[in-house]
Amino acid sequence: MRCLLLAGVIPCCVFSALASERMEGEIALSAPQCTLLVVQTGPGFSLLREDSYYTVREGDQVRGPLHVLGSHDVEIVGEVTLGVTIEDWGLNLIQAKAIFYARCQ
């Protein structure tokens, strides 16, 4: 019985550890007075909505759980920790641009 219990618990723990992994990205799209940010995270893009407005610029480095949907704190490297909501991730550039420009123009 203990083996069955451990077999069920260990995969959950491994998934939780991987899901909360802090990764780095770069702000690819931002606009004044728009709380939506597009962050390049390797080959894909994540959509972050700032919980409170802070001036973030394209090219700023970001560190945090950028592939985990929901509310999180991310670090604008060398500047501030910022509360955001990760709305989506794994998007290609065309998808990310379409969403960004529809909401920020």
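Here the structure is shown first, and the text comes after it.
First, a word on what this report is: a plain description of the structure on this page.

Rules behind the numbers
- Per chain, the residues get numbers from 1 upward, laid out in the order the sequence is written.
- Where local features are concerned, this predicted model is filtered to residues with pLDDT of at least 70; where side-chain atom pairs are given and counted, the filter is 80 or more; whole-chain, interface and lining totals use all residues.
- Side-chain measures here rest on the full set of heavy atoms in the structure, leaving out hydrogens and waters.
- Pairing between strands requires that DSSP locate at least two bridges from one strand to the other.
- Strands here are runs of E lasting at least two residues and helices are runs of H or I lasting at least four, both read from the DSSP assignment and numbered beginning at the N terminus.
- Helix axes are fitted only over the stretch in contact, all axes being lines through C-alpha atoms; the angle between N-to-C directions runs from 0 to 180 degrees.
- Whether two residues are in contact is decided by their heavy atoms: any pair within 4.5 Å suffices.

On a regular strand, each side chain points to the face opposite its neighbour's, so the side chains alternate between the two faces of the sheet. The sheet contact formed by strand E4 (residues 61-64) and strand E5 (residues 70-76) spans 2 bridges and is antiparallel. Among the inter-strand pairings, Val62 is bridged to a residue of E5, identified as Ile76. In terms of strand pairing, E5 meets strand E6 (residues 80-91) through 7 bridges, oriented antiparallel. Among the inter-strand pairings, Ser71 is bridged to a residue of E6, identified as Thr85. Where E5 hands over to E6, the hairpin turn is made up of 3 residues, of which Gly78 adopts a positive phi near 80 degrees.

As a further point, take the sheet that holds strand E1 (residues 23-29). With antiparallel pairing, the 6 strands of this closed barrel are ordered in space as E1-E2-E3-E6-E5-E4. If you compare each strand with its neighbour and ignore which way they point, the axes differ by 45 degrees on average. Set on the sheet, helix H2 (residues 93-104) makes contact with E1, strand E2 (36-41), strand E3 (44-50) and E6; between it and E2 the angle comes to about 165 degrees.

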